[in-house]
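# A closer look at the structure
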Amino acid sequence: MFGGANRVKERRRERLERIRTQSRDSFSPYVDDWKDPIEVETDPFGFSLKENDEGRQPPSHEKWGLQMFGAVLLLGMAYVLFQTSLIPANWKHSAREVMTRDFNFAGVANWYEARFGPIPTLLPQVPGPSAVPATSTAKEVSIWRLPASWKVVKAYEADNPKVVLRTGAGEQVKIGEAGWVSYVGEQPGFGTTVIVRLTKGREVWLGNLDSVGVAKDEVLSPGQVIGTARVVNGNERHLYFAAKTDGQFVDPLEVIPFE
């Protein structure tokens, strides 16, 4: 009985000894994992947005090639446009007119100055003769003249800057130079009023209007109709007219005289 128990113990001892003497490689890969740092493998399906973007950018010579190809394609399309008979003649005429039209730099400059003020420049200001004052009747300022048929009903006063003009029964109020409509609405003492900004820091107020043919933020061309003056005394139309220079009211008839 005891001999059998000793043999079992001996076999168990031998088995433990074999386990201790086995090489480490014969163990399961999960043994002693806590001793071996796990190397992080790169994800084969992962991607970097930065690397992709950089990889997609074509080389500089390819960019030049694409640009040259686009230019040649545009020239070819223009050639086909003017040579083919499948395109209507009026389309060809419109395209030719657009491509040969002179750009109105002066008009854009006047619009910018009327809306935003003086055009910024990179060149320094050179001292020179003073600018023509807004109250001067010099030719540079007097490019807009009021109709000779209009009559002054009330002259300019320092404490009441509006001038009242009798425009006649059927005459329309027109702007005499390019400008930008900065306001359309009611003003105290002026009634329905349109305020137009001009160049050189000038501004005109046209009040007591019966009808208005322009809208706020509209760019006006010389000769464009502003509206008509309101009827007073049954048969006369009176226009309230005022002018500002650099934010100060001035006599409008010295800025814009009669013809």
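Residues numbered from 1 in each chain as written. Predicted model: local features only at pLDDT ≥ 70, side-chain atom pairs only at ≥ 80, totals over all residues. Heavy atoms only, no water.

## So, the overall build of the protein
- Along the protein, the regular secondary structure elements total six helices and 11 strands.
- In the protein, which comprises 259 residues, the share counted as buried stands at 24%.
- Total accessible area computed for the protein in this model is approximately 18,900 Å², and 58% of it derives from carbon and sulfur atoms. (Helix = DSSP H or I, 4+ residues; strand = E, 2+ residues; numbered from the N terminus. Buried < 20%, exposed > 50% of the residue type's maximum accessible area, 1.4 Å probe, protein only. Areas by Shrake-Rupley, 256 points an atom, 1.4 Å probe, with all protein chains shown as cover.)

## As for the side chain of Glu177
- Its place among the elements puts Glu177 in the loop between strand 3 (173–174) and strand 4 (179–187).
- Owing to a relative accessible area of 5%, Glu177 belongs among the buried residues under this scheme.
- Only 2.9 Å separates the side chain of Glu177 from the side chain of Arg202, close enough to count as a polar contact. (Polar contact = N/O pair within 3.5 Å; in protein donor to acceptor, adjacent residues only side chain to side chain.)

## Details of the nonpolar core
- One finds Trp144, Ile175, Val196, Val204, Ile226 and Phe241 to be the most contacted residues of the largest nonpolar core, which totals 24 residues.
- Of all the secondary structure elements, the ones that give two or more residues to this core are strand 2 (163–166), strand 5 (191–197), strand 6 (202–207), strand 9 (225–232) and strand 10 (236–245).
- Residues contacting Trp144, with those up to four places away along its chain left out, are Lys174, Ile175, Gly176, Glu177, Leu198, Val204, Phe241, Ile256 and Pro257.
- Ranked by size, the runner-up nonpolar core spans six residues in total, among them Phe190, Ile195, Trp205 and Tyr240. (Core = buried A, V, L, I, M, F, W, Y, C linked by side-chain atoms within 4.5 Å. Contact = heavy atoms within 4.5 Å.)

## Side note on the confidence of the model for the protein
- Residues of the protein with pLDDT of at least 70 account for 67%, and the chain-wide mean is 75.
- When mean pLDDT is compared element by element in the protein, strand 5 scores highest at 95, while helix 2 (residues 49–56) scores lowest at 51.
- Counted against residues more than four places away or in other chains, residues 30–40, with its pLDDT under 50, gives three contacts.
- Between residues 122–142, whose pLDDT stays under 50, and residues either more than four places distant or in other chains, the model counts 21 contacts. (pLDDT = per-residue confidence, 0-100.)

## Describing a nonpolar patch on the surface
- A cluster of nonpolar residues, Phe69, Leu73, Leu74 and Met77, forms a patch on the protein surface that exposes about 460 Å² of accessible area.
- The topology assignment puts Leu73 in helix 3 (residues 60–83).
- We classify Leu73 as partly exposed; its relative accessible area is 45%. (Patch = residues over 30% accessible without salt bridge, like charges linked within 9 Å, V, L, I, M, F, W, Y side chains within 5 Å. Salt bridge = Lys/Arg side-chain N within 4 Å of Asp/Glu carboxyl O.)

## Regarding the pairing of strand 5
- Buried residues dominate strand 5, accounting for five of its seven residues.
- With seven bridges joining them, strand 4 and strand 5 adopt antiparallel strand pairing. In the sheet register, Val181 faces strand 5, and the bridge partner there is Val196.
- With four bridges connecting them, strand 5 and strand 6 associate as antiparallel partners. Paired with Val196 across the bridge in strand 6 is Val204.
- Counting the residues between successive antiparallel strands, the hairpin from strand 5 to strand 6 contains four residues, one of them, Lys200, with a positive phi of roughly 60 degrees. (Pairing = 2+ DSSP bridges.)

## Remarks on the side chain of Arg237
- Position of Arg237 among the secondary structure elements: in strand 10.
- On the basis of relative accessible area, Arg237 is assigned to the buried category, the value being 17%.
- Here Ala229 takes part through its backbone oxygen, which lies 2.6 Å from a polar atom of the side chain of Arg237.
- When residues no more than four places from it in sequence are discounted, the contact partners of Arg237 are Leu165, Arg166, Thr167, Gly168, Ala169, Asp210, Thr228, Ala229, Arg230 and Val231.

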